[in-house]
Amino acid sequence: MRTVELTCSPELDAGVRAAWSRLAAAGLPSLAANTHPTNRPHLTLASVDEFPPGAERRLGDLFDAALPLPVRLGRLDVLDGSAPLVWLVRPTPQLVALHGAVWDVLAEAAGPHPWHLPGRWVPHLSLALRFRGADRRRARAVAGAQRPAGEFVAARSYDGGTRTVSELTAACPRPGG
């Protein structure tokens, strides 16, 4: 499996990690317990079995033109399926257009995973996996009271077979920096 993910600005990354820590300190499921070096806050745009030839270069060009992209977080929710606890990301027109452009690049990809396809995708930042049965009200009070702000500043791809990450573009320079 290969993913296409947007990574967060330092302030947004720190805010999401703080929510992970607050959940863990409250005894609730949290991604703070995942110590794999690739574990970091991110927004998954696409997931496929395999990239078509030239996709990484084309995706890099796409992200170089589109990033940084402001992020507005919505409410905390629990999604169906494996029932992750997530912070919903408000789908701005720019984010929706970028998502569609990523899928245009991946049109010939082997094994597109349907939950990320246009029309089915729910943009979110994960806070905990397998949250089913956990205390949603308490999680909202612990993690959701302080919504961090920031931007998506870079893109990467996670390879599920090797459990490694490849950068699709470098982090964007800060405006005025």
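Look above for the structure.
Only a predicted model underlies this, so the values are computations on that prediction, with no experimental measurement involved.

What counts and what doesn't
Residues numbered from 1 in each chain as written. Predicted model: local features only at pLDDT ≥ 70, side-chain atom pairs only at ≥ 80, totals over all residues. Heavy atoms only, no water. Helix = DSSP H or I, 4+ residues; strand = E, 2+ residues; numbered from the N terminus. Rg over C-alpha atoms; globule rule 2.2 N^0.38 Å. Buried < 20%, exposed > 50% of the residue type's maximum accessible area, 1.4 Å probe, protein only. Contact = heavy atoms within 4.5 Å. Areas by Shrake-Rupley, 256 points an atom, 1.4 Å probe, with all protein chains shown as cover. Lys, Arg positive; Asp, Glu negative; His and termini not counted. Charge placed at Lys NZ, Arg CZ, Asp CG, Glu CD. Pairing = 2+ DSSP bridges.

A.B. asks: Teacher, can you tell me more about the overall build of the chain here?
C.D. replies: Within the chain, the secondary structure is distributed over 4 helices and 8 strands. In the chain, the succession of α and β elements from N to C terminus is β-α-β-α-β-β-β-α-β-α-β-β. Relative to a compact globule of 177 residues, whose C-alpha radius of gyration would be 16 Å, the chain shows 16 Å and is just as compact. Taken across its 177 residues, the chain has 47% of its residues classed as buried. Excluding contacts between residues fewer than 6 apart, the proportion of contacts in the chain whose partners are at least 24 apart in sequence is 78%. Accessible area of the chain: about 8800 Å², with a carbon and sulfur share of 54%. Across the chain, the 20 positively charged side chains and the 16 negatively charged ones have centroids separated by 11 Å.

A.B. asks: Would you explain the pairing of strand β5 (residues 85-89) in this entry?
C.D. replies: Here is the key point about a regular strand: its side chains alternate between the two faces of the sheet. Within β5, 5 of the 5 residues are buried, leaving the element largely enclosed by the surrounding structure. Alternating positions in β5 separate into two faces, L85, W87 and V89 on one and V86 and L88 on the other, with burial throughout. One ladder, built from 4 bridges, connects strand β4 (residues 73-78) with β5; its direction is antiparallel. Residue pairing in the sheet places L76 in a bridge with W87 of β5. Strand direction decides the pairing type here: β5 and strand β6 (residues 124-128), joined by 4 bridges, are antiparallel. Considered in β6, the bridge of L85 is made with A128.

A.B. asks: Which parts of the structure should I look at to understand unusual backbone geometry?
C.D. replies: Among all residues save glycine, negative phi is the norm, and among peptide bonds the norm is trans. Omega for the peptide link from L67 to P68 comes to 5°, which places this bond in the cis form. Structurally, P68 can be placed in the loop between α2 (55-66) and β3 (69-71). Positive phi, normally seen in glycine, also occurs at R130, with a value near 50°. You can see R130 is positioned in the loop between β6 and α4 (136-143). Phi is positive for R163, which is not a glycine, with a value near 55°. Looking at the element boundaries, R163 is found in the loop between β7 (150-159) and β8 (164-169).

A.B. asks: What's the story with the environment of L129 in this structure? I'm lost.
C.D. replies: Within the secondary structure, L129 sits in the loop between β6 and α4. Each C-alpha atom, one on L129 and one on G111, is 23 Å from the other, the two residues being 18 residues apart in sequence. Those residues in contact with L129 that lie beyond four places of it in its chain are P29, L31, A83 and P84.

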